[in-house]
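# Chain and residue survey
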Amino acid sequence: MNLNTVLAPVAWGQFEPREGHYDFALIDQLIATARQHDVKLIPLWFGSWKNGRSTYVPSWVRGDAERFPRAEMRSGEHRECVSPFSDEIGDADATAFAALMSHIREIDEHAGTVIMVQVENEVGILGDTRDRSALAEAAYTQDVPADVISALTAPHELRIRDAWAARGKQTAGSWAELFGDGPDTDEAFMAAAYARHLEKVAAAGKAEYSLPLFANAWLYTELYDEVAEGNPAGGQQPGVYPSGGPLPHVGSIWASLAPSLDLFTPDIYFGDFPQICKDYQALSGGLLIPEMRRDIAGVADGFVALGSFSAIGLSPFGIDTTEAPEGDALIDAYGCLDVLMRATTSPPVAGFRLDEATTEQTITLGEFSATVRREPNRVGGFYDWGYGLVVQESEDTFLVVGRGALLSFESPQGRAELVKVEELKAAGDGVEVYRELNGDETESGSFIVLPSLQTRPASDDYHIPTIRRRSGVLRFTLAHPPAAA
């Protein structure tokens with residue numbers, strides 16, 4: 001599949017089947033297999049919570065509700081979810097995670113197979129806006145902690161800040177007194193609890209092995225102006241999506257209370273993709289997408305994340321069950337990116353994504369600009385998807401990676417000319433120029449053509465054939481138009 005890194009879970013229940021007794025077999029096998037296939041590894045620690053539930057905790061945690069209290073709903077129902085207000089669960093989780101990180105350091109520090117670790121998975125409470133157990137209620141009625149008061153003036157987004165200002169910016173009082181009763185207050189209250197728990201776990205792990213750590217988020221649909229009716233990954237109110245997770249509107253609490261986490265990351269399946277990327281880049285100073293769609297729409301989104309938002313990684317969910325034809329675009333995209341990484345270490349300068357709603361984009365390339373359009377299909381229409389990214393190698397030379405698009409170029413003096421276009425492909429451990437494209441392959445020197453992977457329309461019986469098999473990676477040189485005589 002042309003991958004270079006794999007994300008794979010390590011469940012607390014498997015790792016510590018009896019308290020204080022650790023089973024390293026799974027993490028050892030993951031690391032050994034990653035080395036065998038020459039890929040890097042990002043373990044996902046499924047500790048106290050996974051998708052807002054506590055279904056991966058050990059049986060000795062699950063069976064002792066007195067020591068490890070459960071979260072409680074307004075109805076009095078107890079969910080399969082440990083309460084983040086329990087010091088016992090935080091300590092036990094942190095101890096296990098520290099043991100995992102210590103073992104990874106012992107067996108892998110020299111080889112560097114493991115490059116990052118995710119702490120928990122999509123934390124937050126489901127079924128209510130906040131935990132209403134006895135421990136949680138006691139915390140809610142006490143004075144808002146000093147670390148939360150400090151977070152109110154931190155630079156990141158925080159929705160309850162307006163309610164706090166409207167009440168006179170008081171610095172002493174309960175959560176309801178400072179922010180009012182309501183779902184926004186409840187969500188911020190839960191965010192503080194989960195952030196403290198994850199900070200305890202992350203700090204314990206980093207003390208053993210200082211790898212980059214991150215936490216992922218189950219997104220709030222309405223935040224990005226989309227309602228996913230019936231979508232299990234959606235929701236418009238805290239408690240329908242996990243209340244308290246690392247979402248941008250509680251980002252200031254998470255950034256302030258969990259400094260040992262290097263990134264907060266979005267799991268993106270729907271919504272305004274560029275806006276989500278922008279929000280998380282602002283929150284963390286970087287972008288990683290640990291879950292996303294694996295179809296061609298997800299591939300197209302991925303090029304935007306890489307090209308326009310400097311994402312360091314993309315991980316489509318369920319990649320181990322991807323089959324043709326659904327996975328064809330994904331496999332091709334990773335192959336194109338592999339060639340690009342061999343060819344240059346320069347970062348992308350722009351990404352593009354085209355479909356029926358967005359048929360054209362203009363991107364800036366230094367002194368030049370490029371107009372990107374969907375590739376026409378020669379029967380009066382266009383291929384459905386166009387996507388890719390551009391890297392600038394020098395003042396007038398660029399690399400482009402993608403499919404289903406035509407690029408034309410302008411300079412301040414007028415239409416820029418294509419001086420040279422080369423197709424690149426992998427060769428050994430490096431890259432080589434497979435061939436130089438001629439006028440028939442560049443629309444008489446007017447366009448960069450990135451052929452779509454989609455099948456030609458059945459009615460396309462045009463008598464002059466075109467070459468469709470391309471590596472998807474081109475290097476091209478532009479020139480300003482000659483001055484008028």
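Residues numbered from 1 in each chain as written. Predicted model: local features only at pLDDT ≥ 70, side-chain atom pairs only at ≥ 80, totals over all residues. Heavy atoms only, no water.

### With respect to helix 12 (residues 296–309)
Let me state the cut-off plainly: Helix numbering and strand numbering both begin at the N terminus, where a helix is a DSSP run of H or I of at least 4 residues and a strand a DSSP run of E of at least 2. For a helix, the expected span equals 1.5 Å multiplied by the number of residues minus one. Accessibility here uses a 1.4 Å probe with only protein chains present; expressed as a share of the type maximum, an area under 20% marks a residue as buried, one over 50% as exposed, and anything in between as partly exposed.
With 14 residues, helix 12 ought to run about 20 Å at 1.5 Å a step, and its terminal C-alpha atoms sit 19 Å apart, in line with that. Along helix 12, twelve of the 14 residues are buried, which leaves the element largely enclosed by surrounding structure. Taken residue by residue, helix 12 has A297, G298, V299, A300, D301, G302, F303, V304, A305, L306, G307 and F309 as its buried positions. The positive-phi residue at the C-terminal boundary of helix 12 is S310, with phi of around 55°.

### Considering unusual backbone geometry
Non-glycine residue K169 carries a positive phi angle of around 55°. By the secondary structure assignment, K169 is in the loop between helix 7 (160–166) and helix 8 (175–179).

### Section: the environment of N216
Selection rule: Contact definition: two residues touch when any of their heavy atoms are within 4.5 Å. Think of a polar contact as two N or O atoms within 3.5 Å of one another; within protein, one of them needs to be a possible hydrogen donor and the other a possible acceptor, and neighboring residues in sequence only count if both atoms come from side chains.
Counting through the fold element by element, N216 comes out in strand 6 (residues 213–218). Setting aside residues no more than four positions away along its own chain, N216 makes contact with Q118, E120, N121, E122, V123, P246, T265, D267, P290 and E291. Side chain to side chain, N216 and N121 meet in a polar contact 3.0 Å long. A polar contact of 2.8 Å, which involves the side chain of N216, links it to the side chain of D267.

### Notes on the sheet that holds strand 6
Operational definition: A pair of strands is treated as paired once DSSP finds two or more bridges between them. All axes are obtained by fitting lines to C-alpha atoms, using only the stretch in contact for helices, and the reported angles, taken between N-to-C directions, cover 0 to 180 degrees.
Strand order in the open sheet made by the seven strands is 1-2-5-6-7-8-9, with parallel pairing throughout. Whereas interior strands pair on both sides, the edge strands pair on one side only; in this sheet they are strand 1 (5–11) and strand 9 (314–316). Each strand axis lies, on average, 30° off the axis of its neighbour in the sheet, ignoring direction. Note that strand 2 (residues 40–50) and strand 5 (residues 117–121) share three bridges and pair parallel. From the neighbouring strand, K50 faces strand 5, where its bridge partner is N121.

### Description of the nonpolar core
Heads up, the condition is: In this text, buried Ala, Val, Leu, Ile, Met, Phe, Trp, Tyr and Cys residues form a nonpolar core when linked through side-chain atoms within 4.5 Å.
Core analysis: the biggest nonpolar cluster contains 113 residues, and W254 and L261 have the highest contact counts within it. Discounting chain neighbours no more than four positions away, the residues touching W254 are V123, A191, Y194, A195, L198, G244, G245, P246, L261 and F264. Core analysis: the second largest hydrophobic core is formed by 23 residues, V400, L407, F409 and L418 among them.

### Looking at the pattern of salt bridges
Selection criterion: What makes a salt bridge here is a side-chain nitrogen of Lys or Arg within 4 Å of a carboxyl oxygen of Asp or Glu, nothing more.
What the rule picks out here adds up to 27 salt bridges. The shortest N-O distance in the salt bridge between K206 and D262 comes to 2.7 Å. Of the two residues, K206 sits in helix 9 (residues 183–208) while D262 sits in the loop between helix 10 (251–257) and strand 7 (263–268), which places them 56 residues apart along the sequence.

### Some thoughts on the packing of aromatic side chains
Short version of the rule: Note on ring pairs: Phe, Tyr and Trp rings are taken, using the six-membered ring of Trp, and paired if centres are within 6.5 Å. Classes follow the plane angle, with under 30 degrees stacked, over 60 edge-to-face and the rest tilted. In this analysis the charged atom, NZ for Lys or CZ for Arg, is taken to sit over a ring once it is within 6 Å of the ring centre and within 35 degrees of the ring normal.
With the rule as written, the count across this model stands at 20 aromatic pairs. An angle of 25° between the planes, with centres 5.5 Å apart, marks the rings of F398 and F476 as stacked. Taken together, the positions of F398 in strand 14 (residues 397–403) and F476 in strand 20 (residues 473–479) put the pair 78 residues apart, joining distant regions of the chain. Take F398: its relative accessible area is 0%, and that puts it in the buried class. By relative accessible area, which is 0% here, F476 ends up buried. When the ring centre of Y140 is taken as reference, the NZ or CZ atom of R130 above it lies at 3.7 Å. Over the face of the ring belonging to F447 we find R415, whose NZ or CZ atom lies 5.4 Å from the ring centre.

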